[in-house]
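Close look at the chain arrangement
Letter by letter, the chains look like this.
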Amino acid sequence: VGYAFVTGGPGACGVVMEPWQHVAVSRELLAEYGCGRQVTIRLDDGVGDAATIDVTIADTMNDAWSRTANIYVGSDEPALSYGLTTGTITPR
């Protein structure tokens, strides 16, 4: 699990992404779950108060990534210092 800044534009699913509400997933996860699917992500190393978040799939990632999700955060947040962590993604 990684973090990316919200750009204010729509992702691959045509949804304008909001911080901590939308995620991008690797292409095999998008194929499995689909655009607009609500999922729960449990972070092994939480960020602030966030250890479990409920989000919607709104974007996909470069095909170099697999078994990965990027949580979109606000442009005023230190996304890069959040780093990478492991976790689980479960459909709701």
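Residues numbered from 1 in each chain as written. Predicted model: local features only at pLDDT ≥ 70, side-chain atom pairs only at ≥ 80, totals over all residues. Heavy atoms only, no water.

**Some remarks on unusual backbone geometry**
Despite not being glycine, Trp20 has its phi angle at roughly 60°, a positive value. Assessed through its relative accessible area of 23%, Trp20 is described here as partly exposed. Even without glycine at this site, Arg67 takes up a positive phi of about 50°. For Arg67, the location among the structural elements is in the loop between strand 4 (50-60) and strand 5 (69-73). (Buried < 20%, exposed > 50% of the residue type's maximum accessible area, 1.4 Å probe, protein only. Helix = DSSP H or I, 4+ residues; strand = E, 2+ residues; numbered from the N terminus.)

**Focus: the state of the cysteines**
The tally for this structure, following the rule as stated, stands at one disulfide. There is a disulfide in this structure between Cys13 and Cys35, and the S-S distance comes to 2.1 Å. Judged by the sign of its S-S torsion, about -75°, the cystine formed by Cys13 and Cys35 is left-handed. Taken together, the positions of Cys13 in the loop between strand 1 (2-5) and strand 2 (22-25) and Cys35 in the loop between helix 1 (27-33) and strand 3 (38-47) put the pair 22 residues apart, joining distant regions of the chain. (Disulfide = S-S within 2.5 Å.)

**Brief notes about the pattern of salt bridges**
A side chain with one charge may pair with a side chain of the opposite charge, provided their charged atoms come close. Summed over the entire model, instances satisfying the criterion amount to one salt bridge. A salt bridge links Arg92 to Asp54; the shortest N-O distance between them is 3.7 Å. Separated by 38 residues along the polypeptide, Arg92 in the segment after strand 6 (87-91) and Asp54 in strand 4 bring together distant segments of the chain. The class of Arg92 is partly exposed, set by a relative accessible area of 45%. By relative accessible area, Asp54 is classed as partly exposed at 45%. (Salt bridge = Lys/Arg side-chain N within 4 Å of Asp/Glu carboxyl O.)

**Structural notes on the nonpolar core**
Tyr3, Val23, Val25, Ile41, Ile57 and Ile71 are the most contacted members of the largest nonpolar core, which has 20 residues in total. Residues within four places of Val23 in sequence aside, it is in contact with Ile41, Val55, Thr56, Ile57, Ala58, Asp59, Asn70, Ile71 and Tyr72. (Core = buried A, V, L, I, M, F, W, Y, C linked by side-chain atoms within 4.5 Å. Contact = heavy atoms within 4.5 Å.)

**Here's the deal with the side chain of Glu77**
Here Glu77 shows up in the loop between strand 5 and helix 2 (79-82). No salt bridge is formed by the buried Glu77. Its closest oppositely charged neighbour is Arg92, at 18 Å. A polar contact of 2.9 Å, which involves the side chain of Glu77, links it to the side chain of Trp20. Side-chain polar atoms of Glu77 contact the backbone nitrogen of Gly74, separated by 2.8 Å. For Glu77, the contacting residues outside a window of four places in its chain are Phe5, Trp20 and Tyr82. (Lys, Arg positive; Asp, Glu negative; His and termini not counted. Polar contact = N/O pair within 3.5 Å; in protein donor to acceptor, adjacent residues only side chain to side chain.)

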